Every structure is written in structure tokens, then in C-alpha cells.
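These are the residues of each chain, in order.
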Amino acid sequence: MKSADADESLPEAFWNVARALRHQARHTLTPWDITPSQSRALGVLLHHGAMRLSDLAEHLRIAPRSATEVVDDLQSRGLAERRPDAHDRRATLVALTEAGTATGNAIREARQAETERVFGCLDERDQAALARILRQLRSVIPPH
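Presented here is a report on the structure given in the accompanying data block. Being a predicted model, the structure only gives us computed values, none of them experimental.

Comments concerning a nonpolar patch on the surface
Moving on, step 1. Where nonpolar side chains cluster on the molecular surface, the patch consists of Phe14, Trp15, Ile133, Leu134, Leu137, Val140 and Ile141 and spans about 680 Å² of accessible area.
Moving on, step 2. Elements supplying a minimum of two residues to the nonpolar patch: helix H1 (10-28) and helix H6 (124-140).
Moving on, step 3. Counting residues per element, the nonpolar patch draws most heavily on H6, which supplies 4 residues.
Moving on, step 4. With respect to the helices and strands, Phe14 occurs in helix H1.

Okay, structure coming up:
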């Protein structure tokens, strides 16, 4: 007897995996009651350090107004702060607080564990092949 998965087309299989990964990513964030957008902003600030809001928006590939909302939410939770730019008095930087750094690190560790769990079912050759295929697909899709 053939399983329902065997009848799934390549696009259906791809989108079903993408949907499941998005759902799992949201579930991974549950302990911190944080949105995916807030998590991405924490990750960028954790990786790059303090930066102007416009730079954060560019890293996140969102409109500056949307980045302002994300930072407002992080700031209201004590995870980020705005501070003057020492090199340009007219500019403001967004930086993680100590709590923001701790939260960002904890989320990064949780995501890493989840990534290892999900992709760990593939051997190294399959992981390398999947990474190569995904990069190839990404290269033919125009950036938004």
C-alpha cells in the first residue's frame, strides 16, 4: 500500500517542510514569549552589536517603520535600548541590554539544538547535498 507522502509533489513536499519548520521555530520561541521578528532582531544585534535603526531594518529586510515597532517591543521588555551614537550626536543606536544578550544567546542555543534534531536525521552527505540544492534554488530566486 502506497503512503500519502508518496503522492506528494516536490513543491508540496517543499512547502510542507517549510511550513513545519516555521511552526517549529515559533514553538521554539514559546519559553520567551517572543515573536519571530523580535528573535531575528535579537540575533542580528547579538551578531553585529549596536547599530542604527536603519541598519537593523536593512539586516532584517524590513521597512524602517517595522523595525521601529520591533525595537519598541524589545525595549518595552527590557531586551534592547536606544542610546546616543558617540560618533554622531544626531544618531541613535539600538543595543541589547544584558537581559537581551542572555535571551538572544538562549534562543540561539535552543534553535541550534532544534536544527541538530531536525537535520540530524540526514547523514553528512545528504546534509551537504541539501545545502547545495537550497543554495542553488536561492540563487535563481530574485531578492525581494
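Having seen the structure, we can now continue with the description.
Side note on the nonpolar core
General note: in soluble globular proteins, nonpolar side chains tend to be found buried as a group.
Moving on, step 1. In terms of nonpolar packing, the biggest core is built from 17 residues, with Ile34, Ala41, Leu42, Leu45, Leu56 and Leu74 touching the most fellow members.
Moving on, step 2. Those elements that provide at least two residues to this core are helix H2 (36-48), helix H3 (53-60), helix H4 (64-76) and strand S3 (88-96).
Moving on, step 3. The greatest single-element share of this core, amounting to 4 residues, is contributed by H2.
Moving on, step 4. Setting aside residues no more than four positions away along its own chain, Ala41 makes contact with Leu56, Leu60, Val70 and Leu74.

Here's the deal with unusual backbone geometry
Moving on, step 1. In the Ramachandran plot, Asp33 falls in the positive-phi region, its phi being about 50° despite a non-glycine side chain.
Moving on, step 2. When you line up the elements, Asp33 lands in the loop between H1 and H2.
Moving on, step 3. Classification of Asp33 as exposed rests on a relative accessible area of 64%.
Moving on, step 4. In this structure, Arg61 takes a positive phi of about 60° despite not being glycine.
Moving on, step 5. Topologically, Arg61 is positioned in the loop between H3 and H4.

Notes on the sheet that holds strand S2 (residues 80-85)
Moving on, step 1. Spatial strand order, S1-S3-S2: 3 strands in an open sheet with antiparallel pairing. Each having just a single partner strand, strand S1 (51-52) and S2 make up the two edges of the open sheet.
Moving on, step 2. Relative to S3, S1 is paired through 2 bridges, and the arrangement is antiparallel. For Arg52, the partnering residue across the bridge sits in S3 and is Leu93.
Moving on, step 3. Running over the sheet, H2 touches S1 and S3 and is turned about 110° from S3.
Moving on, step 4. Docked against the sheet, H4 engages S2 and S3, running at close to 115° with respect to S2.

Cut-offs applied
Residues numbered from 1 in each chain as written. Predicted model: local features only at pLDDT ≥ 70, side-chain atom pairs only at ≥ 80, totals over all residues. Heavy atoms only, no water. Patch = residues over 30% accessible without salt bridge, like charges linked within 9 Å, V, L, I, M, F, W, Y side chains within 5 Å. Areas by Shrake-Rupley, 256 points an atom, 1.4 Å probe, with all protein chains shown as cover. Salt bridge = Lys/Arg side-chain N within 4 Å of Asp/Glu carboxyl O. Helix = DSSP H or I, 4+ residues; strand = E, 2+ residues; numbered from the N terminus. Core = buried A, V, L, I, M, F, W, Y, C linked by side-chain atoms within 4.5 Å. Buried < 20%, exposed > 50% of the residue type's maximum accessible area, 1.4 Å probe, protein only. Contact = heavy atoms within 4.5 Å. Pairing = 2+ DSSP bridges. Axes fitted to C-alpha atoms, helices over the stretch in contact; angles between N-to-C directions.

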